[in-house]
Protein chains: 2
Amino acid sequence: MASAAKAAVEAVQDGVHKLGLKESKKKDAKAPPSAKELFRAAMTNVLERRLFFIPSFKIYGSVAGFYDFGPPGCAIKQNVTQLWRQHFILEESMLEVECPAVTPEAVLKASGHVDRFTDFMVTDMKTGECHRADHLLKAALEALLEDPKAGLTPEKKTEAEDVLARIDELDSIGLGTALTRYGVKTPDTKNDISAPFPFNLMFRTSIGPKGDAVGYLRPETAQGIFVNFKDLLYYNGGKLPFAAAQIGQSYRNEISPRAGLLRVREFTQAEIEHFVNPDDKDHPKFESIQQLKPLLFSQELQTNETKQPEAMSLGDAVTNKIIANQTLAYFIGRTYLFLVGIGISPKRLRFRQHLPNEMAHYAADCWDAEVECSYGWVECVGLADRSAYDLRAHSDASNQALEAYEKFPEPRFAQVLVAKPEKAKIGKLYKKEGKPLLEKLDNLSQEDAACMKKSFGEGKPATVSAGGRDFEVTPDLLDIQEKEEKLNGRKFTPSVIEPSFGIGRIIYCMFEHAYYTRQNNEDKSVFRFKAAVAPLKAAVFPLVQQPEMNSTARSISAALTRAGLANTVDTTGTTIGKRYARTDELGVPYDITVDRASIDGDGSVTLRERDSTSQVRVHKEKVAAVVQQLVSGELTWQNVLDTFPAQQPAAEEEA
Amino acid sequence: MASAAKAAVEAVQDGVHKLGLKESKKKDAKAPPSAKELFRAAMTNVLERRLFFIPSFKIYGSVAGFYDFGPPGCAIKQNVTQLWRQHFILEESMLEVECPAVTPEAVLKASGHVDRFTDFMVTDMKTGECHRADHLLKAALEALLEDPKAGLTPEKKTEAEDVLARIDELDSIGLGTALTRYGVKTPDTKNDISAPFPFNLMFRTSIGPKGDAVGYLRPETAQGIFVNFKDLLYYNGGKLPFAAAQIGQSYRNEISPRAGLLRVREFTQAEIEHFVNPDDKDHPKFESIQQLKPLLFSQELQTNETKQPEAMSLGDAVTNKIIANQTLAYFIGRTYLFLVGIGISPKRLRFRQHLPNEMAHYAADCWDAEVECSYGWVECVGLADRSAYDLRAHSDASNQALEAYEKFPEPRFAQVLVAKPEKAKIGKLYKKEGKPLLEKLDNLSQEDAACMKKSFGEGKPATVSAGGRDFEVTPDLLDIQEKEEKLNGRKFTPSVIEPSFGIGRIIYCMFEHAYYTRQNNEDKSVFRFKAAVAPLKAAVFPLVQQPEMNSTARSISAALTRAGLANTVDTTGTTIGKRYARTDELGVPYDITVDRASIDGDGSVTLRERDSTSQVRVHKEKVAAVVQQLVSGELTWQNVLDTFPAQQPAAEEEA
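What counts and what doesn't
- Residues numbered from 1 in each chain as written.
- Chains lettered and ligands numbered in written order.
- Predicted model: local features only at pLDDT ≥ 70, side-chain atom pairs only at ≥ 80, totals over all residues.
- Heavy atoms only, no water.
- Contact = heavy atoms within 4.5 Å.
- Buried area = accessible area lost by both parts, 1.4 Å probe.
- Salt bridge = Lys/Arg side-chain N within 4 Å of Asp/Glu carboxyl O.
- Polar contact = N/O pair within 3.5 Å; in protein donor to acceptor, adjacent residues only side chain to side chain.
- Helix = DSSP H or I, 4+ residues; strand = E, 2+ residues; numbered from the N terminus.
- Buried < 20%, exposed > 50% of the residue type's maximum accessible area, 1.4 Å probe, protein only.
- Domains from an automatic or database assignment.
- Phe/Tyr/Trp six-rings, centres within 6.5 Å; stacked < 30°, edge-to-face > 60°.
- UniProt positions renumbered as here; feature names shortened; annotations may be inferred.
- 1 Å grid on protein atoms, 1.4 Å probe; cavity = no way out; pocket = protein on both sides within 12 Å on 5 of 7 lines; lining within 4 Å.
- Points joined across faces, edges and corners; volume = space filled by probe spheres on them.
- Nonpolar A, V, L, I, M, F, W, Y, C, P; charged D, E, K, R; others polar.
- Pairing = 2+ DSSP bridges.
- Axes fitted to C-alpha atoms, helices over the stretch in contact; angles between N-to-C directions.
- Core = buried A, V, L, I, M, F, W, Y, C linked by side-chain atoms within 4.5 Å.

1. Concerning the interface of chain A and chain B
Taken residue by residue, the interface counts 77 residues in chain A and 77 residues in chain B. With both chains or domains summed, chain A and chain B bury close to 6300 Å², and 62% of this area falls on carbon and sulfur atoms. Of all residues in chain A, Ile59, Tyr60 and Glu98 of chain A give up the largest surface area on contact with chain B, accounting jointly for 13% of the area buried on that side. At the boundary of chain A and chain B, one finds 6 salt bridges. Across the pair aspartate 231 of chain A and lysine 58 of chain B runs a salt bridge, and its minimum N-O distance is 2.8 Å. The interface formed by chain A and chain B includes 24 residue pairs in polar contact (both at pLDDT 80 or more). The leading source of residues in the side of chain A that touches chain B is helix α3 (residues 71-90) of chain A, at 9 residues.

As structure tokens, then:
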């Protein structure tokens, strides 16, 4: 590795996050690569060479946005999803489901994806190449602001900065105006570009042989949970709160994917939908996480002078109404524990609250777990209180009540609205099509009835969605009376709190936080993976190529395998130093070397720990059990150093 | 459950497989359902009611061929795939990969799927409804042969039976002729049908925003492994044999899917590609499985008089050349151990060899693991020696050498063919398009060179595929000379042995083999899942609703969770008998009941085993550890009965 790269790796190890939130973009091709870019290049070189991940379909020239996980990457992904399953599904008794990726149009029409899951695209007027409008505008504005020769007046500068800050809010007209105003061209060809137009990011297909049933590959796993809400509530004995979860592939046909594993067209999500009574969002286990102090980057901190996140206890954050409720804060705490547990550095992890303009109109509160890496701060987990939006949308579109029932401890007497549809009139007016309307009016919620009564009072008709269309309902079609009633309980649409994890992004950031090079040798790359995450837990080396040593190595390997520990045997007979270096690159935490003494002497083998490179002698019959205890956390390496005789590494071993 | 259903369940439990290979089809709507159909209906009722699996998108009316796994089904699927991973990937040190489902056309063109992955379809001439041609023909012929009023002459009968036996071999013309000859109509409408035409079963989509890059959802996971062969061989240090594996979703747009989980449009495959030197297909661990005696249904046994499979040791099967080689037999043995290990009854599992007309021209040998269930014998695993077909196909299409190198122990002297392309002539003739041809000719294998030399000798030009097109090569474009050369080794295309598992089918058959009803109460359904497969390992019941019992139950649950054992607490206070019945339906192997004595007495709880329904008293602090040892297999239930004091169940508990 060149020493510039070495310096870069060290800078990042020392905490490149101090450099600020945003890395300045290099527009000038001749500018030297930044420290972060050198770090990333050095690490990616190891990741691709050792097949952690590689571009898919390489022998056919690859396709942007698709990656394969090779053997070590695949093992890490398995480990991370299994840890996620243990941490969330098992420990919280969540209901796991698995739904197909191919999804009929009706589901994604109801969820809003068919109409609104779009990015704005522009095309090169000569070549037809496609680009994301916001990406082009952003790059152009950043180049303009950084160019000393641009000679911007202070007013022009402020204006450009303003547009840059508001890019995410711009619609097609706003984007088009800005692209024209700043004379944006295609970056490579310098050709004119088209006006921006929305491009739906879902992969489209058709289901069945007739070709008339449109389907899409799901853009998120969440919808599979929502459409099963009724069954899941029943499975849970009709009781709230409960959470359902799904781990699976999602698909987004990105316009021009870059940024490696961070923006891909097929990726693994792990999503939780926690259904809760909107009047009671306390969490029974809140106490267990309220002392945690993650970095919180609230709306206020983002808009005040310092613009820096602050470590704050989750208990205080809820008390001071910074986080909307206990359940949302509980999941922030559990997410923090999960991410730190798999190796994300807590100093480079923050929870950023959505600003009012980022938040959907229905959302009660929204936080992103952002992890700092060489690309800047990357959203890895979204945590949102989506109120009743999703269940209502599917209820309206499918005409199925998606509600829970709450029994009151004591009956209550209350003024209730009783709505009586005029069946004959509705039938005459809408014929067959009126059927879903009638069903809907027969099961009107109190909120809806109140809303309609208000409209009628103002002399206006009410609009009711049913069976996929809108109906105008006038007072002669629906009689609404207020009555006092004894209520034993109430039906309501639950709120949903949704933690949504991007597994690939988390793994990529974890790679960056784990990567370093040896102080004494910059060519030696190491991943300091936690043992639970590491692709292999141990490697076994016969010191030289010799049948007895090979056979002892294989026995140790078999014992490790029986204990469920992935491992490898390297019988190449290469120098031990080289074999250590090879397994360090894979992040293998423990190496076991079989030598002459293991066969003829005291039967001991060398056990070496990856990060300290320190070594002890352990009996060959015992070593698998020791590694198992190290991996499960029953033993620390310090315990092992205190228990077993040390072995001084030969000079060449760690050279 | 009606007593007819009860009888059916018992018949199946008693070994309905004795009834014969094929179940007679009920064509008459008024005919009573068969024992197998009643058994299936009773079991499916439980499976759907308890959300093992349910039709997807139910609130939108469902779409044929898509199923969701609900919480217990999802847990079982997780357990089965993790067991598969341990049994194959970990124990055999396979290289696991994970590739995208969205696949560019070039890959599936090379594999043959774009051109040949089709079923023949006919449409209803009036309604346009689509049907599989072979299914309609089969149903019509079976109805004809079973209809006593059809009055078939012996000749006609033999002819119909012949066609029925050969349906899978018929091409579109053959199918069309037969459909016309037997006057087949659409079953429901009795309308005329169209001539059969091929329908490609892949879901088609387009990749990227321009809409011109065709992609498909992969119809199998195997291709992702083949296209990565070069990198995987490098990862394995260039050495053969090695195996790569992939677990993931595959997609087939079936024309009219039926048969529940057995024929779905999206499903999970677990596929292994074992790459091996074609000259040496012995397996180093063959000894470990050669004594196993699975039911083998060889070509000979299928075509002789008895038509019955026979139990035979795998060692004998290889020695007698019934199974082509040790490696294929080794995987048959490992597959047998896996399937029996997760709960498939060995008596209802057979390995059926493909008949010559079923086997692809390139296949060296092919066996299916078939499991008997209420639908008959169902293919759950395919085990094929596919020789070098797949790697050759991708090598030809991508113009990349996909070969391994074998170093000879001693150098060999041999006559080799040296091919020298006439670059200038080729350039002049084919211009730019000749580039892939030149590359190919520069790297010609000995087999290909020999083949071309033969053509030239016969005065014929040779056809060479390169860069996706065919070239005609004449002797003036390529000079081929025979020379003696010293060879240190050779390049060759490895053979591939492919075990391919359909996880959903295996799970469905496992459900059938696990399902029974209590002898004393036909309403009580039980799944006798193996503990490792069971969705929950234990349920904890406070005997009555009481804070101290609830809190003890929660402590036990937390201890189980810490041990990684999925569990549930049922605090409903319903009778213990009802709670046992509920968990029996989910196949939970162990129930723990907390009562007065657990709090005020000796601190013991009741531990009950699902299948024997016998109970013992174990101390509440110890019970989680006992369950853990039972689940891991360290203890048997008999050990527990011998160690702990028995408790007589109250009469009503198992009523």
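2. Remarks on the side chain of serine 598 of chain A
All names here are of chain A. Along the chain, serine 598 falls in helix α21 (residues 596-599). On the basis of relative accessible area, serine 598 is assigned to the buried category, the value being 0%. If near-sequence neighbours (up to four positions away) are discounted, serine 598 is found in contact with Thr593, Gly603, Ser604, Val605, Arg617 and Lys620.

3. A look at the domain arrangement of chain A
Residue and element names in this part refer to chain A. As far as domains go, chain A holds domain 1 (50-111 + 203-403 + 494-516), domain 2 (118-200), domain 3 (409-492) and domain 4 (536-654). Each of domain 1 and domain 3 was reduced to a C-alpha centroid, and the two centroids are 36 Å apart. Of the residues lining the interface, 10 residues belong to domain 1; the matching set on domain 3 comes to 10 residues. Summing both partners gives a buried area of about 800 Å² for domain 1 against domain 3, and 41% of it is carried by carbon and sulfur. Considering only the side of domain 1, the residues that lose the most area to domain 3 are Asp396, Asn399 and Glu403, jointly responsible for 62% of the buried surface there.

4. Examining the packing of aromatic side chains
Geometry of an aromatic ring pair is reported as the spacing of the ring centres plus the angle between the planes. Counting across every chain of the model gives 53 aromatic pairs over all chains. Ring geometry for tryptophan 84 of chain A against phenylalanine 88 of chain A: centres 5.0 Å apart, planes inclined by 40 degrees, an arrangement best described as tilted. Placement of both tryptophan 84 of chain A and phenylalanine 88 of chain A in helix α3 is noted, with a separation of 4 residues, approximately one turn of the helix. Grouping residues by exposure puts tryptophan 84 of chain A and phenylalanine 88 of chain A together as buried. With a centroid separation of 6.2 Å and an interplanar angle of 15 degrees, the aromatic rings of phenylalanine 229 of chain B and phenylalanine 242 of chain B are classed as stacked.

5. Focus: the UniProt feature "domain: Aminoacyl-transfer RNA synthetases class-II family profile" (unreviewed entry) in chain A
UniProt records the feature "domain: Aminoacyl-transfer RNA synthetases class-II family profile" (unreviewed entry) at residues 42-542 of chain A, using the numbering of this structure. The distance from the first to the last C-alpha atom of residues 42-542 of chain A is 31 Å, and the span holds 33% helix and 30% strand.

6. Digging into empty space enclosed by the protein
Considering all chains together, one arrives at 4 cavities of 30 Å³ or more under this definition. If you go around the largest cavity, you meet 36 residues; those closest to its centre are Ile247, Gly248 and Gln249 of chain A together with Ile247 and Gly248 of chain B. Counting only elements with at least two residues in the lining of the largest cavity, the list comes to α3, β10 (242-251) and β11 (266-276) of chain A together with α3 (71-90), β10 (242-251) and β11 (266-276) of chain B. Taken together, the residues of the lining of the largest cavity sort by class into 10 nonpolar, 14 polar and 12 charged. As a volume, the second largest cavity reaches approximately 160 Å³. In terms of lining residues, the second largest cavity is bounded by 15 residues, among which Tyr67, Phe69, Gln249, Glu266 and Phe267 of chain B are the most central. Only β2 (67-69) and β11 of chain B provide two or more residues apiece to the lining of the second largest cavity. Considering each element in turn, the lining of the second largest cavity owes the most residues, 3 residues, to β11 of chain B. Residues of the lining of the second largest cavity, tallied by class, amount to 8 nonpolar, 4 polar and 3 charged.

7. Brief notes about the sheet that holds strand β8 (residues 204-207) of chain B
Residues and elements named next belong to chain B. If you trace the 3 strands from one edge of the open sheet to the other, you get β4-β9-β8, paired in antiparallel fashion. Strands with a single pairing partner mark the edges of an open sheet, and in this sheet they are β4 (102-104) and β8. Between one strand axis and the next, the sheet turns through 45 degrees on average, direction left out of account. Where β8 and strand β9 (residues 213-217) come together, 4 bridges link them in antiparallel fashion. Bridge pairing links isoleucine 207 to alanine 213 in β9.

8. Quick look at the nonpolar core
Core analysis: the largest hydrophobic core is formed by 76 residues, its most contacted members being Trp84, Ile323, Phe511 and Phe527 of chain B. The dominant element in this core, judged by the number of residues it contributes, is helix α13 (residues 326-342) of chain B, at 9 residues. When residues no more than four places from it in sequence are discounted, the contact partners of tryptophan 84 of chain B are Ile89, Ala245, Ile247, Ala270, Glu271, Ile272, Phe338 and Phe501 of chain B. Listed in part, the 75 residues of the second largest apolar core include Met43, Ala245, Ile332 and Trp367 of chain A.

9. Considerations on the pairing of strand β22 (residues 515-518) of chain A
All names here are of chain A. In terms of strand pairing, β22 meets strand β23 (residues 521-527) through 4 bridges, oriented antiparallel. Bridging across to β23, tyrosine 515 finds its partner in phenylalanine 527. Connecting β22 to the next strand, β23, in antiparallel fashion are 2 residues.

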